[in-house]
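Given next are the chains, with one letter for each unit.
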Amino acid sequence: MVRKMTKLAASITVMTLLLAACKPAATAPAHDIPAAMRQTATTLLQSTLLHATSIAVVYRGKEFVLHQGELETGKGNPPNDTTLYEIGSVSKTFAGLLLANAVLDGKAALDDPIQQYLPEAYPNLQWQGRPVLLRHLITHTSTMPGMLPLQVNAILQDFTAHATPAKLNAAYANYGQQQFWQDLHAVSIKGPLGEDYAYSSAGTELIAHTLETIYAMPYEVLLTQFIAREAGMHDTRLKIAAGDSDRLAPGYHSDNPVVTTPMPQLPWGAAGNLKSTVPDMAKYLRLQLSAHRAVVESHKPLVRFQDDFSIGYFWNIGSNRQLGTHYVHHGGVPRAQSYAWIVPQYQLGIFIITNQSGDATAGAMESALAPIFDTVESMESAK
């Protein structure tokens, strides 16, 4: 995906995504998964500006969790199993999973026009007489703008500027669903539909509204009930209760040494507002590695951009020699970045997060993950 796309929307370039699973350098595989995780964490925290990291690995049914570093330099406060992290756009894969479940339940179809789920007429949501469909939204091929309100896209052009988090907070102050519906009238669909990759968090928010319409309940309730029931996840939520505020990981934006503010609340939150603990994310990895029917549906390639890159229900699907077919999503907010990897061939799932967000953060995580991939490959070859 394209690293020039908004870091807030957790997008990186297609080619970077495809290359991320390849070994960036020859490394001696560690002797086991915990040792490989320690190598990954140590390597990552050697990167400039990075303070802490947490990693979850699920490999052939076994689960491993590692926390390393300090959430705030010099304060001796390492992350732990109760730390709530902002997982950014990895949130989108949850919305994709819920839509896959709705499709299987016969409550929606990928070729439904989005207009049939909206509260009023939006004749602008079409291109040359063709309506924007649900499948266009979940594959980022609707040519919808990246974010609403539209001015946020301009703010994100200079993501690393120290003023960016404050500008985002101002843009989203008192910005709710009513304002979103007003701004949606100004959206222009450039087209062509279903062909060009154009990452859109605004499109993800429309999927959340669609799910609310289908199930007649708030997206937040629908999501928390589903993941609790299907994955046993009870510590993942869109909003933090006052009593849990001290569990939310502090984080750093760009090269600013001062702790910055959390990601502002989006109208529905499906595009990037989920907070979760690493043990809960391990449960999500387990779910994604299972034969759950909605998971299987959500992993189907819906649009193929290259021979080795396609997209399913928000999951980016890559293929290479080392990992075979795999599913990846990056997440980023102004003070954290993360990755989720699903590698069915090895029954391997990885979630990694760090409480810093800048231009080099995603690349540092990609490179640091090499010991885990190399070790798994070595263990599989030895069987």
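Calculation notes
Residues numbered from 1 in each chain as written. Predicted model: local features only at pLDDT ≥ 70, side-chain atom pairs only at ≥ 80, totals over all residues. Heavy atoms only, no water. Pairing = 2+ DSSP bridges. Helix = DSSP H or I, 4+ residues; strand = E, 2+ residues; numbered from the N terminus. Phe/Tyr/Trp six-rings, centres within 6.5 Å; stacked < 30°, edge-to-face > 60°. Buried < 20%, exposed > 50% of the residue type's maximum accessible area, 1.4 Å probe, protein only. Polar contact = N/O pair within 3.5 Å; in protein donor to acceptor, adjacent residues only side chain to side chain. Axes fitted to C-alpha atoms, helices over the stretch in contact; angles between N-to-C directions. Contact = heavy atoms within 4.5 Å.

So, on to the sheet that holds strand S3 (residues 85-86). The strand order S3-S8-S6 describes an open sheet built from 3 strands, whose pairing is antiparallel. If you trace the sheet from one side to the other, it starts and ends with S3 and strand S6 (236-237), each paired once. Strand direction decides the pairing type here: S6 and strand S8 (residues 275-276), joined by 2 bridges, are antiparallel. Across the sheet, residue Arg237 finds its bridge partner in S8, namely Lys275.

Before going further, it helps to spend a moment on the packing of aromatic side chains. Scanning the model with the defined rule gives 11 aromatic pairs in all. On the numbers, 3.9 Å between centres and 10° between planes, the contact of Phe94 with Tyr284 is stacked. Here Tyr284 lies in helix H10 (residues 278-288) and Phe94 lies in helix H3 (residues 91-104), a separation of 190 residues in the sequence. Among the aromatic residues, those joined into a ring-pair cluster are Tyr122, Phe180, Trp181 and Trp268.

Turning our eyes to something else, we now look at unusual backbone geometry. Of note, the bond from Leu148 into Pro149 is cis; its omega dihedral lies within 30 degrees of zero at 0°. The topology assignment puts Pro149 in the loop between helix H4 (134-138) and helix H5 (151-155). Residue Pro192 is reached from Gly191 by a cis peptide bond, and omega for that bond is -5°. Here Pro192 shows up in the loop between helix H7 (177-184) and helix H8 (201-215). Its identity is not glycine, yet Gln128 carries a phi of approximately 50°, on the positive side. For Gln128, a relative accessible area of 62% corresponds to the exposed category. Residue His140 is not a glycine yet carries a positive backbone phi of 55°.

Attention now goes to H10. The buried fraction of H10 amounts to 8 of the 11 residues, a majority that puts the element mostly inside the structure. Every buried residue of H10 is listed here: Val278, Asp280, Met281, Ala282, Tyr284, Leu285, Leu287 and Gln288. Two to three positions downstream of the cap, the backbone nitrogen of Asp280 sits 3.2 Å from a side-chain oxygen, assigning the N-cap of H10 to Thr277.

Let us now look at the pairing of strand S1 (residues 52-59). On any regular strand, side chains alternate: one points to one face of the sheet, the next to the other face. In terms of burial, S1 is largely enclosed, as 8 of its 8 residues are buried. A two-sided burial pattern is seen for S1, the buried positions comprising Ala52, Ser54, Ala56 and Val58 on one face and Thr53, Ile55, Val57 and Tyr59 on the other. Of the pairings in the sheet, the one linking S1 to strand S2 (residues 62-69) comprises 8 bridges and is antiparallel in character. Paired with Thr53 across the strands is Gln68, a residue of S2. Between the end of S1 and the start of S2, which pair antiparallel, lie 2 residues, with Arg60 showing a positive phi angle near 45°. Across 7 bridges, the pairing between S1 and strand S14 (residues 348-354) is antiparallel. Its bridge partner lying in S14, Val57 is registered against Ile350.

Moving on: the sheet that holds strand S12 (residues 324-333). The sheet built from 8 strands is open, its strands ordered S2-S1-S14-S13-S12-S11-S10-S9 with antiparallel pairing. Of all strands in the sheet, those with a lone pairing partner are S2 and strand S9 (303-306), marking the two edges. Ignoring strand direction, the axes of neighbouring strands in this sheet form an average angle of 20°. Across the face of the sheet, H10 comes into contact with S1, S2, strand S13 (336-343) and S14 while running at roughly 30° to S1. On top of the sheet, helix H12 (residues 361-368) reaches S12, S13 and S14; it is set at about 40° to S13, its chief contact.

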